[in-house]
Amino acid sequence: MPEALLVIDMLNDFVLPDAPLEVPNTRKIVAAIRRRIDLARAKGCPVIYVCDAHLPDDPEFTRINWPPHAIRGSAGAQVITELAPAGTDPVVEKTGYSGFHQTGMEGLLQALRVDRLILTGCVTNICVLYTAYDAVSRGYEVTVPADCVAALADDDGKFALKQMEEVLGVEVLRP
């Protein structure tokens, strides 16, 4: 069963200290994601980067009251150096929470003949959860290694992992 590793929103504007939408727990998962990337590449599995890429006036900033973040083309919208894509890794830009919503993700996965996804990154209860939902609803098998996802608050992350496991049928790997 061909699989792909998705690295979701491990961007400067979420990971770096004092970033506009800093998720401090992301810094705790970098090494585990790096190991997953190295393992995927060793097995010949695609590594796909799913990245927020907003316009400066994106309605999300006012509707949800998020600070402006991951502005397309800015340094903040770049994947952190420790996890940077290799030259051949696909990068899927998104403007919403799901890596599937109004992106080319599904076509990319079909072209790669992938039917199993491993989701990593942030935020567990937002972009990871909504990407997991959309993947499951499209028939993909989904695995989420708990040591490779981070939430803004621990309780929110635990809730999201429970929802993914018990409601969506996602395989959650716990260390």
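Placed above this text is the structure.
These remarks concern the structure in this document. Keep in mind that what you see is a predicted model, and the values were worked out from it rather than measured.

Before going further, it helps to spend a moment on the overall build of the protein. If you tally the helices and strands in the protein, you get six helices and seven strands. Mapped in sequence order, the helices and strands of the protein form the string β-α-α-β-α-β-α-β-α-β-β-α-β. The C-alpha atoms of the protein give a radius of gyration of 15 Å, which matches the 16 Å a tight globule of 175 residues would have. Seen along its three principal axes, the alpha-carbon backbone of the protein occupies a region of about 40 × 35 × 30 Å. Considering only contacts in the protein between residues 6 or more positions apart, those separated by 24 or more positions represent 74%. For the protein, the accessible surface area stands at approximately 8300 Å², while carbon and sulfur atoms represent 53% of it. The distance from the centre of the 16 positive side-chain charges to the centre of the 24 negative ones in the protein is 5 Å.

Ranked by internal contacts, the top residues of the largest apolar core, which has 59 residues, are L6, M10, L109, L117, L119 and M164. Top contributing element to this core by residue count: helix α5 (residues 124-137), with six residues. When sequence neighbours within four positions are dropped, the list of residues in contact with L109 reads A4, I48, F100, V114, L117 and Y140.

Taking 1.5 Å of rise per residue, 15 residues should cover 21 Å, and helix α6 (residues 154-168) covers 20 Å from first to last C-alpha, within 8% of that figure. Within the span of α6, buried status applies to G157, A160, L161, M164 and L168. All buried residues of α6 project into a common sector of 95 degrees when viewed along the axis, lining one side. In α6, those exposed residues whose orientation departs by more than 90 degrees from the buried face are D154, D155, K158, F159, E166 and V167. Here the buried face of α6 lies against α5, β5 (141-145), β6 (149-150) and β7 (171-173). Among the residues trailing α6, G169 stands out with phi positive, at a value near 80 degrees.

Turning next to the environment of V144. On the secondary structure map, V144 appears in strand β5. With 43 residues separating them along the chain, V144 and H101 place their C-alpha atoms 19 Å apart. If near-sequence neighbours (up to four positions away) are discounted, V144 is found in contact with L119, V149, L161, M164, V170, E171, V172 and L173.

Attention now goes to the packing of α5 against α6. In contact at an axis separation of 9 Å, α5 and α6 are set at 10 degrees when each is read in the N-to-C sense. With respect to their mutual orientation, α5 and α6 come out roughly parallel. Of the residues in α6, those touching α5 at T124, N125, V128, L129, A132, Y133 and V136 are D156, G157, A160, L161, M164 and L168. Taken together, the residues that form the contact of α5 with α6 break down as nine nonpolar, three polar and one charged.

Another point: the pattern of salt bridges. Counting across every chain of the model gives 13 salt bridges. Residue R72 pairs with E93 through a salt bridge whose shortest N-O separation is 3.1 Å. Taken together, the positions of R72 in the loop between α3 (60-63) and β3 (91-94) and E93 in strand β3 put the pair 21 residues apart, joining distant regions of the chain. Sharing partners across several salt bridges, the network here consists of E3, K43, R116, E141 and E171.

Cut-offs used in this document
- Residues numbered from 1 in each chain as written.
- Predicted model: local features only at pLDDT ≥ 70, side-chain atom pairs only at ≥ 80, totals over all residues.
- Heavy atoms only, no water.
- Helix = DSSP H or I, 4+ residues; strand = E, 2+ residues; numbered from the N terminus.
- Rg over C-alpha atoms; globule rule 2.2 N^0.38 Å.
- Contact = heavy atoms within 4.5 Å.
- Areas by Shrake-Rupley, 256 points an atom, 1.4 Å probe, with all protein chains shown as cover.
- Lys, Arg positive; Asp, Glu negative; His and termini not counted.
- Charge placed at Lys NZ, Arg CZ, Asp CG, Glu CD.
- Core = buried A, V, L, I, M, F, W, Y, C linked by side-chain atoms within 4.5 Å.
- Buried < 20%, exposed > 50% of the residue type's maximum accessible area, 1.4 Å probe, protein only.
- Expected span 1.5 Å × (residues − 1).
- Arc of directions from axis to C-beta.
- Axes fitted to C-alpha atoms, helices over the stretch in contact; angles between N-to-C directions.
- Parallel < 35°, antiparallel > 145°, perpendicular 65-115°, else oblique.
- Nonpolar A, V, L, I, M, F, W, Y, C, P; charged D, E, K, R; others polar.
- Salt bridge = Lys/Arg side-chain N within 4 Å of Asp/Glu carboxyl O.

Keep in mind these values describe shape, not function.
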